[in-house]
Amino acid sequence: MEVGAPSASCERIRGMNREYYKWQSKFLNRDMELLIFGHAGARVLVFPTRMGRFFDFENWRLVNALGDHIRNGWVQLFCVDSVDDESWYNTWAHPRGRVERHLSYERYIIEEVLPLTRYKNSDMSMIALGCSFGAFHAMNIALRHPGHFGRVISLSGRYDVTMEVDDFRNLMNGYYDEDVYLNNPSHFLPNVGGTYLDQLKEIEVTMAVGEHDPFVHNNHEFSEVLGHKGIPHRLDIWPGRAHRARFWRQMLPHYI
C-alpha cells in the first residue's frame, strides 16, 4: 500500500477530528478498516476486544472518555479492526492456520497501519493500547517489535492464549509450536536477553485488571517477569471484575 492511498472521509465531531480509512490489505487479502480520532500528539494504536471491530472504541464511548486529550492534541487514536475470528478464535481451522493468520495480521499492522500513522502524524511517541483480548494484542505486538513502541497500556488483559481459566479455553487446543511460543508474552518474555532485552527496557508497560478478573493471576505472574527483567511497568488491581467498558472509561484517562 502506498501511504495515503486509501480513500478517507473526514468530519468534525464535538470539536474532534474523525477520519475513516479502508483499503485491501496485501497481507490479509481482504478489506480492512480503521478510524482515526484527533489531529496531533502521541500516536495510539488501539486494538479492539475479542473478535471486535474498529468502531467499538467509539461506540462504547471510550473515545469520549479521552475527549479532552484528543481535542487538546495530546493523543491521536488509530482504532484498527481485528481478524480474531479468522485467527485465534477460528475454531474450525487447524491451530497452525490460526497462528499463521495472526502473523499475517501482525504484518498488516507493522507494514501497512504503522506507515499510515507516521504519514498522518510525525510525533515520535507510539502507544499500543487494548482492552480484554485487545490488551493481549497490544502487549504482544509491542514486546515483539519494541523499536516501534514506547508504551503499552493493557486493560483487563491475558498474556497467554494457551491458558484455560473458568470459561476461557486454550485457544490452540493443545497445539504448540515455535510461533505459538513467540506469540505468547507469558512464554517468551522470561527467556529474552541481550540487545532485545535492552530494547524492551525502553518500553513503559501499564497493566490494570480487576481483582476478580479470571486472568488476574496471569497479570500478577507477568508483572513478576517484567520486574525480574527490569522492564519499567505498573500493575494496578481494580475492585471487582472490572471487565466492562464502563470500567475502561474510568481507567483510560487515568493511564493514557
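Above this text is the structure in question.
Within every chain, residues take consecutive numbers counted from 1 along the sequence as written. The model is predicted, so local features are restricted to residues of pLDDT at least 70 and side-chain atom pairs to those at 80 or more, both for listing and for counting; the totals for chains, interfaces and linings are taken over all residues. Based on all heavy atoms of the structure, the side-chain values leave hydrogens and waters out of the count.

A. Here's a closer look at the nonpolar core. Membership of the largest hydrophobic core comes to 41 residues, with the highest contact counts inside it found for Leu45, Tyr105, Tyr108, Ile109 and Leu189. Secondary structure elements follow DSSP: runs of H or I of four or more residues count as helices, runs of E of two or more count as strands, with numbering from the N terminus. Take this core: its biggest share by element is 7 residues, from helix α4 (residues 95–120). Residues belong to one nonpolar core when they are buried, are Ala, Val, Leu, Ile, Met, Phe, Trp, Tyr or Cys, and are joined through side-chain atoms within 4.5 Å. To sort residues, take the accessible area from a 1.4 Å probe on protein chains only and compare it with the maximum for the residue type: under 20% means buried, over 50% means exposed, and anything in between is partly exposed. Within the second largest apolar cluster, 30 residues are counted, among which are Phe37, Val46, Ile70 and Cys131.

B. Inspection of the pattern of salt bridges at higher detail. Here, a salt bridge means any Lys or Arg side-chain nitrogen found within 4 Å of an Asp or Glu carboxyl oxygen. Using the criterion set out here, one finds 15 salt bridges in the structure. For arginine 71, the salt bridge identified is with aspartate 68, shortest N-O distance 3.7 Å. You can see arginine 71 and its partner aspartate 68 sitting in helix α3 (residues 67–71), 3 residues apart, about one turn around the helix. Look at arginine 71 and you get partly exposed, because its relative accessible area is 34%. Between aspartate 177 and arginine 96 there is a salt bridge, with its nearest N and O atoms 2.6 Å apart. Of this pair, aspartate 177 sits in the loop between β7 (151–155) and α6 (178–182) while arginine 96 sits in helix α4, and the two are 81 residues apart along the sequence.

C. Spatial organisation of the packing of α4 against helix α5 (residues 133–144). To define axes, lines are fitted to C-alpha atoms, for helices over the stretch in contact only, and angles between the resulting N-to-C directions are given on a 0 to 180 degree scale. Close contact between α4 and α5 brings their axes to 12 Å; oriented N to C, the two are set at 70 degrees. Between α4 and α5, the angle is such that the two are roughly perpendicular. Contacts between α4 and α5 involve His102, Leu103, Tyr105, Glu106, Ile109 and Ile110 from the first element and His137, Asn140, Ile141 and Arg144 from the second. Class assignment of the residues belonging to the contact of α4 with α5 gives a composition of 5 nonpolar, 3 polar and 2 charged. By the definition adopted for this analysis, an angle is roughly parallel if under 35 degrees, roughly antiparallel if over 145, roughly perpendicular if from 65 to 115, and oblique otherwise. Here a residue-residue contact requires only that any non-hydrogen atoms of the pair lie within 4.5 Å. Polar here means any residue other than Ala, Val, Leu, Ile, Met, Phe, Trp, Tyr, Cys and Pro, which are nonpolar, and Asp, Glu, Lys and Arg, which are charged; Gly is therefore polar.

D. Representation of the state of the cysteines in the model. Disulfides are defined as pairs of cysteine sulfur atoms found within 2.5 Å of each other. All chains considered together, the criterion is met by 0 disulfides. Cysteine 79 carries a free sulfur, and the closest cysteine sulfur to it, the one in cysteine 131, is 10 Å from it.

E. Focus on the pairing of strand β9 (residues 233–238). Any two strands with at least two DSSP-identified bridges between them are counted as paired. Strand direction decides the pairing type here: strand β8 (residues 204–210) and β9, joined by 6 bridges, are parallel. Note that in β9 the partner of valine 209 across the bridge is isoleucine 237. In this region the chain leaves β8, passes through helix α9 (residues 216–229) and returns to the parallel neighbour β9; the handedness of that crossover is right-handed. Look down the strands so they point away from you; if going from the first strand over the helix to the second traces a clockwise path, that crossover is right-handed.

F. Expanded view of the pairing of strand β6 (residues 126–131). Within β6, 6 of the 6 residues are buried, which leaves it mostly tucked inside the rest of the structure. Every second residue of β6 is oriented toward a common face, with Met126, Ala128 and Gly130 on one face and Ile127, Leu129 and Cys131 on the other, all of them buried. Direction of pairing for β6 relative to β7: parallel, over a ladder of 5 bridges. Counted as the bridge partner of leucine 129 is isoleucine 153 from β7.

G. Quick peek at α5. An expected span of 1.5 Å times one less than the residue number is assigned to each helix. Compared with an ideal rise of 1.5 Å per residue, which puts 12 residues at 16 Å, α5 spans 17 Å between its outermost C-alpha atoms and is within 8% of the ideal. Those residues of α5 that fall on the buried side of the exposure criterion are Phe133, Gly134, Ala135, Phe136, His137, Ala138, Met139, Asn140, Ile141, Ala142 and Leu143.

H. Focus on the environment of methionine 172. Summarising the element assignment, methionine 172 is placed in the loop between β7 and α6. A C-alpha to C-alpha distance of 8.3 Å links methionine 172 and arginine 96, two positions 76 residues apart in sequence. Sequence-distant contacts of methionine 172, that is, excluding residues within four places in its chain, are made with Trp88, Pro95, Arg98, Val161, Thr162 and Val180.

Note that every value here comes from positions in space, so none of it alone points to a role or purpose.
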